Amino acid sequence: MSKRARRFLLISLILLLSMNLAGCASLKKKFTRKKKIEPKASFYHVRAYDVKPSLELYEKHYIFWVNWHKELIQELGQNRKSDIRCTEEMTSNLWDMMALLEDDKAAALAPHLDETKKIKEIIKKGNMTTANETRIRRILETEYRDIKRNFSPTKMAGHIRREFKSEEITED
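Residues numbered from 1 in each chain as written. Predicted model: local features only at pLDDT ≥ 70, side-chain atom pairs only at ≥ 80, totals over all residues. Heavy atoms only, no water.

Draft legend 1. Quick peek at the overall build of the chain. Assigned secondary structure in the chain consists of six helices and zero strands. Going residue by residue from the N terminus, the α and β elements of the chain occur as α-α-α-α-α-α. A buried classification covers 27% of the 172 residues belonging to the chain. Taking contacts inside the chain between residues at least 6 apart in sequence as the whole, the part at least 24 apart equals 76%. (Helix = DSSP H or I, 4+ residues; strand = E, 2+ residues; numbered from the N terminus. Buried < 20%, exposed > 50% of the residue type's maximum accessible area, 1.4 Å probe, protein only. Contact = heavy atoms within 4.5 Å.)

Shown next as structure tokens:
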């Protein structure tokens, strides 16, 4: 055997021994499937949720509505997703305010809710032009003043329901 062949054989033998000693266990471990761990079921204690209409609950929804309405007026046209989220939250809080009021006051708040739904549909369409933005901003400012003037918590103190309506009300 030549010197070159002996050197090649010696190097390959050393390499083979080192690989055998080190092994590929960690490499093999990476590519083997691990058993799926099933999550443990968690149980929650069910508590009675006894909430009745109150002025505090109305005031909470009113404050949320004010904040979402202001944000929409300030940020209108800058971010479509943000505008949609603001209109959804605004509509939801108006809906909750309406559900807490007696029938006559709820009926007076209904046109404002309808106007908000129209604005929501325009924004969802996604074709926000400068003219649309200006028109929507004016409508929002008018609605904001009207609702703030006529449906503030101090004015609605005597018009809160004693119990929630028994029939299911569906939101459009």
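Draft legend 2. Molecular detail of the environment of D96. When you line up the elements, D96 lands in helix 4 (residues 80–100). When the C-alpha atoms of D96 and Y62 are compared, they prove to be 9.0 Å apart, with 34 residues separating the residues in sequence.

Draft legend 3. Focus on helix 6 (residues 130–150). With 21 residues, helix 6 extends 30 Å between its outermost C-alpha atoms, agreeing within 8% with the 30 Å of an ideal straight helix rising 1.5 Å per residue. Turning to helix 6, its buried residues number three or more, namely N132, I136, L140, E143, Y144 and I147. On an axial view of helix 6, the arc spanned by its buried residues comes to 105 degrees, and they lie on one face. Away from its buried face, by an angle of more than 90 degrees, helix 6 presents the exposed residues T130, A131 and R138. (Expected span 1.5 Å × (residues − 1). Arc of directions from axis to C-beta.)

Draft legend 4. Highlighting the nonpolar core. Within the largest apolar cluster, 30 residues are counted, with the highest numbers of intra-cluster contacts made by Y58, W65, M97, L101, L109 and L140. Elements that contribute at least two residues to this core include exactly helix 3 (55–75), helix 4, helix 5 (103–125) and helix 6. Discounting chain neighbours no more than four positions away, the residues touching M97 are Y58, H61, Y62, W65, L109 and I147. (Core = buried A, V, L, I, M, F, W, Y, C linked by side-chain atoms within 4.5 Å.)

Draft legend 5. Expanded view of the packing of aromatic side chains. All told, the structure shown has three aromatic pairs when counted by the stated rule. When the ring of Y58 is compared with that of Y62, the centres are 6.5 Å apart and the planes differ by 20 degrees; the resulting orientation is stacked. Of this pair, Y58 and Y62 both sit in helix 3, four residues apart, roughly one helical turn. Assigned by exposure class, Y58 and Y62 land together as buried. Ring geometry for W65 against Y144: centres 5.8 Å apart, planes inclined by 25 degrees, an arrangement best described as stacked. Of the two residues, W65 sits in helix 3 while Y144 sits in helix 6, which places them 79 residues apart along the sequence. Comparing W65 with Y144 shows no difference in burial state: the two are buried. An aromatic cluster is built from Y58, Y62, W65 and Y144, whose rings are joined through pairwise contacts. (Phe/Tyr/Trp six-rings, centres within 6.5 Å; stacked < 30°, edge-to-face > 60°.)

Draft legend 6. Just the side chain of T87, in detail. Relative to the elements of secondary structure, T87 occurs in helix 4. For T87, the residues in contact, after removing those within four places along its chain, are L72, T116, I119, K120 and I123.

Draft legend 7. Quick peek at the confidence of the model for the chain. In the predicted model, the chain carries a mean pLDDT of 84, and the fraction of residues at 70 or more is 89%. Ranking the elements of the chain by mean pLDDT puts helix 2 (residues 25–31) last with 67 and helix 3 first with 92. (pLDDT = per-residue confidence, 0-100.)

Draft legend 8. A look at a nonpolar patch on the surface. On the surface, a cluster of nonpolar side chains totalling about 310 Å² of accessible area is made up of I11, L15 and M19. Of note, I11 is situated in helix 1 (residues 3–22). (Patch = residues over 30% accessible without salt bridge, like charges linked within 9 Å, V, L, I, M, F, W, Y side chains within 5 Å. Areas by Shrake-Rupley, 256 points an atom, 1.4 Å probe, with all protein chains shown as cover. Salt bridge = Lys/Arg side-chain N within 4 Å of Asp/Glu carboxyl O.)

Draft legend 9. Main features of helix 3. A rise of 1.5 Å per residue sets the reference length of helix 3, with its 21 residues, at 30 Å; its end C-alpha atoms lie 30 Å apart and thus fit the reference within 8%. When we look at burial in helix 3, the residues that qualify are L57, Y58, H61, Y62, W65, V66, W68, H69, L72 and I73. Check the buried side of helix 3 and you find it contacts helix 4, helix 5 and helix 6. G77, located one to two residues past helix 3, shows a positive phi value of around 90 degrees.

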